[in-house]
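Working through the structure, step by step
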Amino acid sequence: MRLLLRVALVLLTALPAAAQQGPLRIEITEGVIEPLPIAIPTFTAETPAAEAWARDITRLVAQDLIGTGLFREIPQDAFISRPGFDAPVQYADWKAINAQGLVTGAVSLDGDRLTVKFRLYDVFAEQPLGEGLQFGASTATWRRVAHKVADQVYSRITGEGGYFDSRVAFVEETGPKDARLKRLAVMDYDGANVSYLTDASSIVLAPRFSPDGNRLIYTSYATGFPQIYEMNLQTYAARPLGEQPGTMTFAPRFAPDGRRIVFSLSQGGNTDIYSLDLGTGERRRLTEAPSIETAPSFSPDGSQIVFESDRSGTQQLYVMPVGGGEPRRISFGAGRYGTPVWSPRGDYIAFTKQNAGRFHIGVMRTDGSEERLLTASFLDEGPTWAPNGRVLMFTRETSGAGGQPALFSVDISGRNLKQVPTQGPASDPSWSPLLP
Amino acid sequence: MRTGYWISGIGHGALVTFLLFGGAFTSAPLPPVEFAEVTIISEEEFAALTRPEVGPAVSAETPAPSPPEPTPEPATPPEPETAPETAPAPVARETAAPDAAPEAVPEPLAPEAEVAAAPPATPVLPAPEDTGPRVGEPVPQEAPRVAPDAAPPPPPEAETAPVVTERAAPEPAPEPEVVVEDERPTAPDEATTEIVTEAETPAARAPGDSPRPRERPQRLAAISSGQSLEARSTPEPAAPPEPEPEPQPAPAAEPEPEPEPAPVETVEPATPAQPEPDALEAALAQALGQPAETAPQAGAPTGPPLTEGERDAFRVAVQRCWNVGSLSSEALRTTVVVGVRMTRDARPDTASIRMIGFQGGGEAAANQAFEAARRAIIRCGADGFALPPEKYERWAEVEMTFNPENMRIR
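Residues numbered from 1 in each chain as written. Chains lettered and ligands numbered in written order. Predicted model: local features only at pLDDT ≥ 70, side-chain atom pairs only at ≥ 80, totals over all residues. Heavy atoms only, no water.

1. Thoughts on the interface of chain B and chain A
We apply this condition: Contacts: residue pairs with any heavy atoms within 4.5 Å of one another. Put simply, buried area is how much 1.4 Å-probe accessible surface two parts lose in total, over both of them, once they are put together. Should a side-chain nitrogen of Lys or Arg be within 4 Å of a carboxyl oxygen of Asp or Glu, the pair is scored as a salt bridge. Classification used: nonpolar for Ala, Val, Leu, Ile, Met, Phe, Trp, Tyr, Cys and Pro, charged for Asp, Glu, Lys and Arg, polar for all others including Gly. Paired strands, as defined in this entry, are two strands with at least two bridges between them according to DSSP. Starting at the N terminus, helices and strands are each numbered in turn, a helix being any DSSP run of H or I of at least four residues and a strand any DSSP run of E of at least two.
With 42 residues of chain B at the contact, the number on the chain A side is 44 residues. A combined buried area of about 4300 Å² lies between chain B and chain A, and 54% of that area is made up of carbon and sulfur atoms. On inspection of chain B and its partner chain A, the count reaches two salt bridges. Residue Asp-122 of chain A is joined to Arg-375 of chain B by a salt bridge in which the shortest nitrogen-to-oxygen separation is 3.2 Å. When its residues are assigned to classes, the side of chain B that touches chain A shows 19 nonpolar, ten polar and 13 charged. Pairing geometry for strand S1 (residues 24-28) of chain A and strand S3 (residues 397-402) of chain B, over five bridges, is parallel. Note on S3 of chain B: the bridge partner recorded for Ile-28 of chain A is Phe-402 of chain B.

Here's what the structure looks like:
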């Protein structure tokens, strides 16, 4: 018997191995998640006057990429060779320092016009990643050129759209907490180029970009009551929307087509969701319940609206057809859910969650599944999506009488949480679409 | 009909009777376990044990100490116990002898025949070191026996065999093998690898491998050259293949493989004297993919398969460089199958890396996933993967499935 058992064991052990036919097949199911080492040598200045521009643009491209947390810049001191833009790439030199990506570029200056061109290489594959590109712009918009280059590099390596050449509208706050002054401002996604849209004469809240990035809707207390306004970002002219005596309107959001908005209207102690056609001024009520329905957000295809409601007794998230109808509850976890925002990619809904005395920014599938909390603090709220649907920006406020709000961003993986630099306290961010 | 019943009844009755009284259900008694000795060992025995231990050190030196008291003590029972202990001591010394063998190692380096010439398994340890990459992995397990394997790695150098044989001759008994050289032509190239192993543990395993013979007629041929194996039953089947190469005239026609045969034969003479190891052990070793005695290289992917350990090591080596941190969420939902051709030094032929297929995402996402996979293969294969060179036929072509399911954002 022992002999038979041993023989059987031998056969059982040998059969699978002997069964190999054709090539050796293995399955890789575990990998590593770490920043991709990338080399970004200072772009070549093709004209002497372009040297400073080349240096600044290179730095900004690197900052954009490294800031995502997906890349790790290899120090220039480690470079073995300094590639010319049109010279053949010495891949061995870059492999030696473990650079997996290589960005080369050249900058020329003709009068006030900058021309920036770049190429991206996959070092270990020893081949370019996509074709070389060239951007032209005035020196005043050099940052946008750098962001464009970074967007291209990011997109080619990750397969996702970039978000560097975008802007963020927010509310800048000054003064003590009990007498805060607020004004609308717009800045680059990285906190640069801040410009103010309103003065501090009245409280403003919740700015929202239009899908084309040319308009902004927000809530203002200019009349003493919350009222929705629309501002043209070309002319900075603002006009009230959906004026109706005895009502308060707030929490506006553009439809994907930019021709309608949805918002909350409070009348007689009841708050419901309405839609407004910006062309005709036609207003339509989408919910009818004695509870509070607010913070509506369109799905990217414009067919559904997610909003928050306390109709069940606590604040929860619901989804309903764009024309109204029976809402479907999608949040069932402990705590309260609010300020839902549909991802521009349509795959997730971001939200604010309050539970056990803590606030969180989280994401869930549009059916409410796969809920994940990305942050936790004394007060996190008001998420907004980057144009590529990969990053969220939100408001984080510190506790205490001296607590100040600030803007933070986080990858939807929960990694790379960092503060967005602003000149002072800031809140209510709204991310624009990619600039043209 | 009734006749049938009668026959059936009688038959069944006989069977039942046999089963009941024939001892069919009686199991062979297990060998008694000797444990009494453990308890028996007390003071005297322990003392006896300790003395012998000391003895080894002095053993050669002094019988004098033993005479005084130990002699009386040696109650026969304790001695047997002590005996085993003493035995180990000598063994160690024997190993020391092999250590000297390492010196021979340098010789084997040049030719494989050398290895064979150094019949003692001792050279094994050094040999693997020298051969490093090729024999390295498989050898370690069979260290004691595999010693010859170390030599096999050089197979390509077989050509130099002639020169080597000269060296071997001076050392042990290669000269008689000069005759063997004549037979060399008979052994095919494959013999090289196996020869080494056989050289070390030839006679013992050859017979026990009865299940394997199918795959390796040639090996048998090689073995046949060393007639020492003839005495064994299993080698016979191998005989048929041998006739083909043996035809000495063939050597002229087939000069290529010849060099290797020489080492084989040299090994054989040495091996015959060796005792036979357990055939099952050999079978197990083969089942586990150890390159031990058998010579694979017959057809395309006919060599010994990779062991699970070797496959895992390969997989881990690749996944160590598979960085999905910069992949899009759609790419993280895409499984890609990547094909790659490997060079003999276990490096990926970068030009051969291709996407065979993908699943779960669009083409753009698949391309992103493929690029990450390609980077992983190239990066971690730059210095060569730890794959057994003697199994090259098994991993010359590789298909890797990169499944990011466990790496997705959750």
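That covers the picture; the talk isn't over yet.
2. What to know about the confidence of the model for chain B
All names here are of chain B. To keep things clear, this is the line we draw: pLDDT measures how confident the predictor is about each residue, on a scale from 0 to 100.
Counting all residues, the mean pLDDT for chain B is 57, and 31% of those residues have values of 70 or more. Mean pLDDT in chain B bottoms out at helix H6 (residues 106-109), which sits at 31, and peaks at strand S1 (residues 335-341), which reaches 95. Note on residues 213-277: pLDDT under 50 across the span, and 149 contacts to partners over four residues away in sequence or across chains. Overall, residues 289-299 carries pLDDT values under 50, and its contacts beyond four positions in sequence, including any with other chains, amount to 45 contacts. Scored by ipTM, the complex comes to 0.79, with pTM at 0.63.

3. Brief notes about the packing of helix H2 (residues 51-67) of chain A against helix H4 (residues 142-158) of chain A
Residue and element names in this part refer to chain A. This is how the line gets drawn: Angles here are taken between N-to-C directions and fall from 0 to 180 degrees, while the axes themselves are lines fitted to C-alpha atoms, restricted in helices to the stretch in contact. Here the angle decides the label: under 35 degrees means roughly parallel, over 145 means roughly antiparallel, 65 to 115 means roughly perpendicular, and every other value means oblique. Crossing handedness: left-handed means the near helix sits turned counterclockwise from the far one by under a right angle, and right-handed means the same turn made clockwise.
At a minimum axis distance of 8 Å, the contact between H2 and H4 shows a crossing angle of 45°. Considered as vectors, H2 and H4 are oriented oblique to each other. Seen from above, H2 lies across H4 with right-handed handedness. Contact with H2, carried on its side by Trp-53, Asp-56, Ile-57, Leu-60, Val-61, Asp-64 and Leu-65, involves Trp-142, Arg-143, Ala-146, His-147, Val-149, Ala-150, Val-153 and Tyr-154 of H4 and no other residues of that element. Considered class by class, the residues forming the contact of H2 with H4 number eleven nonpolar, one polar and three charged.

4. Here we look at the sheet that holds strand S18 (residues 270-277) of chain A
Residues and elements named next belong to chain A. One open sheet accounts for four strands, arranged S16-S17-S18-S19; its pairing is antiparallel. What marks the edges here is a single partner per strand, and that holds for strand S16 (248-254) and strand S19 (283-285). Adjacent strand axes in the sheet meet at a mean angle of 30°, parallel and antiparallel pairs treated alike. Note that S18 and S19 share three bridges and pair antiparallel. Counted as the bridge partner of Tyr-274 is Arg-285 from S19.

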